[in-house]
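Here is how the chains run, residue by residue.
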Amino acid sequence: MTVTELFLFILSTFRLTRLMMYDSITAFLRKPFHETVEEILPDGTVQSFLSVKGSGLRRWVGELLSCYWCTGIWCAAVLYIGNMFYPIIFHPLLVILAIAGGASFMEWVMEKFDS
């Protein structure tokens, strides 16, 4: 694997992981496994907590989707193995996700400079 390919995988894994865990477009995938619980704190503010639903496989998937590091490993594995066996499908996906991941990183940098 070249340094360029590694960088492509890093950025695409970053973006796919964020997509799976945080983006509203994939909320329907997380909904069967998570629920949001709101708690009123002593100072009157409301804080939201993520609660994992169910037991067995459902709970395992819920735990997986609530851990950024765990989801990142699985996303990396899917992208890498998919690219090994189906490069005609996965290579364009890697490039698209890497471009989006790079753009996300650039947006974060710009927010830091604007602050």
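An unreviewed UniProt entry annotates the protein chain as DUF1360 domain-containing protein of Geobacillus sp..

The subject of this paragraph is the side chain of R15. Here R15 is to be found in helix α1 (residues 3-21). On the basis of relative accessibility, which here comes to 17%, the residue R15 falls in the buried class.

Below, the discussion takes up a nonpolar patch on the surface. Together, M1, L6, I10, Y80, I81, M84, F85, Y86, I88 and I89 give the surface a local cluster of nonpolar side chains, amounting to about 1100 Å² of exposed area. At four residues, the largest contribution of residues to the nonpolar patch is made by helix α4 (residues 68-85). Tracing the sequence through the fold places Y80 in helix α4. For Y80, a relative accessible area of 41% translates into the label partly exposed.

With ten residues, the main nonpolar core is built from L8, F9, L11, L16, C75, L79, F90, L94, L97 and A98. If you list the elements that add at least two residues to this core, you get α1, α4 and α5 (87-114). The residues contacting L79, other than those within four sequence positions of it, are F9, S12, T13, L16, F90, L93, L94 and L97.

What counts, and where the lines are drawn
- Residues numbered from 1 in each chain as written.
- Predicted model: local features only at pLDDT ≥ 70, side-chain atom pairs only at ≥ 80, totals over all residues.
- Heavy atoms only, no water.
- Helix = DSSP H or I, 4+ residues; strand = E, 2+ residues; numbered from the N terminus.
- Buried < 20%, exposed > 50% of the residue type's maximum accessible area, 1.4 Å probe, protein only.
- Patch = residues over 30% accessible without salt bridge, like charges linked within 9 Å, V, L, I, M, F, W, Y side chains within 5 Å.
- Areas by Shrake-Rupley, 256 points an atom, 1.4 Å probe, with all protein chains shown as cover.
- Salt bridge = Lys/Arg side-chain N within 4 Å of Asp/Glu carboxyl O.
- Core = buried A, V, L, I, M, F, W, Y, C linked by side-chain atoms within 4.5 Å.
- Contact = heavy atoms within 4.5 Å.

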